[in-house]
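The residues making up each chain are set out below.
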Amino acid sequence: MSGFGFEVRSPEEAIEGIKHTVLVMSGKGGVGKTFITVNLASVLALKGYSVGIMDADIHGPSIPKMLGISGSRMYQGEIGITPVVGPLGMRVVSIDFLLPTSDTPVIWRGPLKSRMIKEFINNIEWGELDFLFVDLPPGTGDEPLSVVQELRKPSGAVIVTIPTEVSQIVVRKAVVFARQVKVPILGIVENMSGFTCPDTGKTYMIFGAGGGEAIAKAMNVPFLGSIPLDPRIAEASDKGVPFVVMWPDTPATKAITNIALKIAKKLGENAD
Ligand SMILES: Nc1ncnc2c1ncn2[C@@H]1O[C@H](COP(=O)(O)OP(=O)(O)O)[C@@H](O)[C@H]1O
Ligand SMILES: [Mg+2]
């Protein structure tokens with residue numbers, strides 16, 4: 001944990017400049033949490049909000065890659081560690097910026113990961129932010145628990161699922177987790193819901209349909225919207241450019257924009 005280790009402030013002081021903290025979680029991996037974090041954050045940054053992203057995925061940090069800033073480094077500033085400034089001026093913190101290479105695995109047990117997350121909150125010079133998005137690893141283990149503990153009262157959680165039943169089962173766990181730790185659930189997002197073939201215009205429901213909305217209803221939580229499958233999403237992610245910036249005029253960008261604005265409004269912002 002090079003460079004870390006001095007507790008110069010209380011956690012309250014460390015995050016007092018952050019207006020809203022939004023956790024992006026799901027029971028499962030590979031459902032698009034990181035893609036959604038990056039693009040919700042980008043939509044709000046494009047609207048003029050000051051936005052930060054904390055990559056709380058200690059074992060599989062992928063925020064830097066999706067933002068085209070892997071290989072960047074964080075440095076010790078006057079008060080704490082300074083986040084890396086990414087696209088659209090977003091302030092980004094990830095363990096990736098502390099590793100010798102992006103192939104270096106982090107082989108840590110729970111307590112060390114919790115310690116790292118604590119440092120990510122207490123010893124980072126976050127400054128003034130309208131929104132801090134936290135990209136969580138799958139599941140309900142050490143990282144989400146530590147984030148909730150350290151952020152004290154996160155503003156809310158966005159729960160990501162895909163339409164399959166397998167994903168629905170685990171999303172229930174994320175909902176129950178958020179309730180148990182008393183984080184308000186902003187709503188469920190269904191990702192990868194349907195692919196419209198560019199040649200024929202026909203839509204194929206590759207992973208099924210409506211599962212996200214159904215689970216939202218069954219669990220009595222808001223449904224925020226669905227985002228279609230689009231191969232250009234994977235391409236933009238690999239290129240390290242936020243999809244909403246690279247492909248502004250697409251159904252997926254429209255869907256993400258609506259979801260981001262809904263979230264901002266739920267948190268009391270006058271966004272449109
Ligand atoms: N709607 C989508 N259409 C096409 N590809 C997507 C979509 N959502 C996510 N992806 C891609 O799927 C992969 C997994 O997404 P990721 O955000 O890393 O998932 P998670 O963080 O939940 O593990 C990434 O390569 C991402 O670009
Ligand atoms: Mg991820």
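Let us look at the structure shown here.

1. Section: helix α7 (residues 211-219)
Regarding α7, the residues found buried are G211, G212, I215, A216 and M219. Projected onto a plane normal to the axis of α7, the buried residues spread over an arc of 135° and lie on a single side. In α7, the exposed positions that point more than 90 degrees away from the buried face belong to K217 and A218.

2. Comments concerning the pairing of strand β1 (residues 18-25)
With seven of eight residues buried, β1 lies mostly within the body of the structure. Alignment of β1 against strand β8 (residues 156-161), held across four bridges, turns out to be parallel. Bridging from a neighbouring strand, V22 pairs with G156 of β8.

3. Some words on helix α5 (residues 142-150)
Within the sequence span of α5, burial applies to E143, P144, S146, V147, V148 and E150. Contacts from the buried residues of α5 go to α1 (11-14), β1, β2 (51-55), α4 (110-122), β7 (129-135) and α6 (165-180). Backbone geometry just downstream of α5 places R152 in the positive-phi region, at approximately 60°.

4. Here's the deal with the nonpolar core
Core analysis: the largest hydrophobic core is formed by 86 residues, its most contacted members being L23, M54, F133, V134, V147, I227 and I263. Setting aside chain neighbours within four positions, we find I227 in contact with F35, I36, V189, E190, N191, M192, S193, A252, A255, I256 and I259.

5. A closer look at a nonpolar patch on the surface
Where nonpolar side chains cluster on the molecular surface, the patch consists of L46, L88 and V245 and spans about 240 Å² of accessible area. Here V245 is to be found in helix α9 (residues 243-246).

How each quantity is defined
Residues numbered from 1 in each chain as written. Chains lettered and ligands numbered in written order. Predicted model: local features only at pLDDT ≥ 70, side-chain atom pairs only at ≥ 80, totals over all residues. Heavy atoms only, no water. Buried < 20%, exposed > 50% of the residue type's maximum accessible area, 1.4 Å probe, protein only. Helix = DSSP H or I, 4+ residues; strand = E, 2+ residues; numbered from the N terminus. Arc of directions from axis to C-beta. Pairing = 2+ DSSP bridges. Contact = heavy atoms within 4.5 Å. Core = buried A, V, L, I, M, F, W, Y, C linked by side-chain atoms within 4.5 Å. Patch = residues over 30% accessible without salt bridge, like charges linked within 9 Å, V, L, I, M, F, W, Y side chains within 5 Å. Areas by Shrake-Rupley, 256 points an atom, 1.4 Å probe, with all protein chains shown as cover. Salt bridge = Lys/Arg side-chain N within 4 Å of Asp/Glu carboxyl O.

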